[in-house]
Amino acid sequence: MSERIYKTVPTVLSIAGFDGSGGAGIQADTKTISAIGCYAMNVLTALPVQNTQGVKNIFAIDPKAIQEQLECIFEDIYPDAIKIGMVHSTELVGIIAEFLKDYKGKIVFDPVMVSTSGHKLIEDDTISAIKSQLFPLSDIITPNLDEVSVLVGKPVLELQDMEAVSDQLLEMGSKAVLLKGGHLQSDILTSILLQHGQAAQYFESKKVDTKNTHGSGCTLSSAIASYLAIGQTLPEATENGLAYVYQAILASKDLIIGKGHGPLNHFFNPHKLRTNEMD
């Protein structure tokens, strides 16, 4: 009788909010992590009431419940990488920062601060706590242009604006920053990877003509975390994460789900899309 061979799989923990419509938050994270070939775990930080048309309300989760979720996961399955998303209060920032201060894996932080409609989702004191407590723990932060604008206190709209605030963002404490160019008004979207002591790296992709981009930020950060968990370098994980998001958007561009900004196709169209004839 042959000896049984046991296997392992890279593990990724998503610490993030909920999306009942399935396109963003821990739902998008779980789909992404699974599609890339890692094992997904979740700690729920908030219960947003949202769909493809926007966030309608946010219900808080008891901080004690979040603390116990973290303890329960870590005592059983130590994550190879962690993605952090929505952190909506100073108390929660403190709980997560204290718990992760001795964590040995990689941390990707997507600073969810502004809704698609342009409304700030968290208060200024929480933003300050995030910058002082969570940024220093992060291997990379992945703000979009709206979030960069909040962080630096002025509008960041063009590629030149992104370049102008690069040093300011790196000085906020994280090991690296990915300035996401998905909101650029251009046919070519440019994202910039910044690392201390290294030249900036530019990643370009064609803009996909679609409104189905709901959850793209959640997807990118969890994709980067997954590739880091697999063992890739930060530039490799960033490049592959951006490529994954591009393919997921491309595969969903003609999909009709919801009345607003539809979700990405995280599994790259495993089933043929039905043709929808609109009245």
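Residues numbered from 1 in each chain as written. Predicted model: local features only at pLDDT ≥ 70, side-chain atom pairs only at ≥ 80, totals over all residues. Heavy atoms only, no water.

1. Concerning the overall build of the chain
(1) Moving on: Regarding its fold elements, the chain presents nine helices and ten strands.
(2) Moving on: Taken over the C-alpha trace, the chain has a radius of gyration of 18 Å; the compact-globule value for 279 residues is 19 Å, and the two agree within 12%.
(3) Moving on: Along the three orthogonal principal directions, the C-alpha set of the chain runs to about 55 × 55 × 40 Å.
(4) Moving on: Taking all 279 residues of the chain together, 48% fall into the buried category.
(5) Moving on: Pairs at least 24 apart in sequence give 65% of the contacts found in the chain among residues at least 6 apart. (Helix = DSSP H or I, 4+ residues; strand = E, 2+ residues; numbered from the N terminus. Rg over C-alpha atoms; globule rule 2.2 N^0.38 Å. Buried < 20%, exposed > 50% of the residue type's maximum accessible area, 1.4 Å probe, protein only. Contact = heavy atoms within 4.5 Å.)

2. A look at helix α8 (residues 216-230)
(1) Moving on: Compared with an ideal rise of 1.5 Å per residue, which puts 15 residues at 21 Å, α8 spans 21 Å between its outermost C-alpha atoms and is within 8% of the ideal.
(2) Moving on: Most of α8 is tucked away, with 13 of its 15 residues classed as buried.
(3) Moving on: G231 occupies a position one or two residues after α8 and carries a positive phi of about 115 degrees. (Expected span 1.5 Å × (residues − 1).)

3. Thoughts on the side chain of D19
(1) Moving on: Inspection of the secondary structure puts D19 in the loop between β1 (11-16) and α1 (25-36).
(2) Moving on: Summary of buried charges: D19 has no salt-bridge partner, and the nearest side chain of opposite charge, K31, is 7.8 Å away.
(3) Moving on: Here S21 takes part through its side chain, which lies 2.7 Å from a polar atom of the side chain of D19.
(4) Moving on: From its side chain, D19 meets the backbone nitrogen of G23 in a polar contact 3.1 Å long. (Lys, Arg positive; Asp, Glu negative; His and termini not counted. Salt bridge = Lys/Arg side-chain N within 4 Å of Asp/Glu carboxyl O. Polar contact = N/O pair within 3.5 Å; in protein donor to acceptor, adjacent residues only side chain to side chain.)

4. Observations concerning the pairing of strand β3 (residues 46-51)
If a strand is regular, its side chains alternate between the two faces of the sheet.
(1) Moving on: The alternating pattern of β3 places A46, P48 and Q50 on a buried face and L47, V49 and N51 on a face that is not buried.
(2) Moving on: Inspection of the sheet shows β3 paired to strand β4 (residues 54-60) by six bridges, in the antiparallel sense. Paired with N51 across the two strands is G54, which belongs to β4.
(3) Moving on: Linking two consecutive strands that pair antiparallel, namely β3 and β4, is a turn of two residues. (Pairing = 2+ DSSP bridges.)

5. Description of helix α9 (residues 234-250)
(1) Moving on: Here α9 contains 17 residues, and its C-alpha end-to-end distance of 24 Å stays within 8% of the 24 Å for a straight helix at 1.5 Å per residue.
(2) Moving on: Next to the buried residues of α9 lie α1, β7 (140-141), β8 (176-179), β9 (188-195), β10 (201-206) and α8.

6. Digging into the packing of α1 against α8
(1) Moving on: It is the contact of α1 with α8, at a shortest axis distance of 8 Å, that shows an interaxial angle of 35 degrees. Seen from above, α1 lies across α8 with right-handed handedness. Touching G25, A28, D29, T32, I33 and I36 of α1 are C218, T219, S222, A223, S226, Y227 and I230, all from α8.
(2) Moving on: The residue makeup of the contact of α1 with α8, split by class, is seven nonpolar, five polar and one charged. (Axes fitted to C-alpha atoms, helices over the stretch in contact; angles between N-to-C directions. Left-handed = near helix turned anticlockwise from the far one by under 90°. Nonpolar A, V, L, I, M, F, W, Y, C, P; charged D, E, K, R; others polar.)

7. Some thoughts on the nonpolar core
(1) Moving on: Among the nonpolar cores identified, the biggest contains 44 residues, and L13, I15, I82, I84, L100 and L169 are the most heavily contacted of them.
(2) Moving on: For this core, the element with the most residues is helix α3 (residues 90-100), which contributes five residues.
(3) Moving on: The contact partners of I15, leaving out residues within four places of it in the chain, are V43, T45, L70, I82, K83, I84, G85, M86, I96 and L100. (Core = buried A, V, L, I, M, F, W, Y, C linked by side-chain atoms within 4.5 Å.)

8. Considerations on the side chain of T210
(1) Moving on: Among the structural elements, T210 can be located in the loop between β10 and α8.
(2) Moving on: At a separation of 3.2 Å, a polar atom in the side chain of T210 contacts the main-chain carbonyl oxygen of K253.
(3) Moving on: Here T210 is in contact with I249, S252 and K253, once residues within four sequence places are set aside.

9. Examining the confidence of the model for the chain
(1) Moving on: Confidence along the chain averages 92 in pLDDT terms, with 94% of residues attaining 70 or more.
(2) Moving on: Ignoring residues within four places in sequence, the model shows residues 273-279, a span with pLDDT below 50, making four contacts including any to other chains. (pLDDT = per-residue confidence, 0-100.)

10. What to know about the pairing of strand β2 (residues 39-44)
(1) Moving on: When β1 meets β2, the two strands line up parallel, connected through six bridges. Along β2, the bridge assignment pairs S14 with N42.
(2) Moving on: Remark: the β1/α1/β2 crossover connection has right-handed handedness. (Right-handed = clockwise from strand over helix to strand, strands pointing away.)

11. With respect to the environment of A46
(1) Moving on: Inspection of the secondary structure assignment puts A46 in strand β3.
(2) Moving on: In contact with A46, other than residues within four places in its own chain, are A16, G17, F18, I58, F59, I61, M86 and H88.

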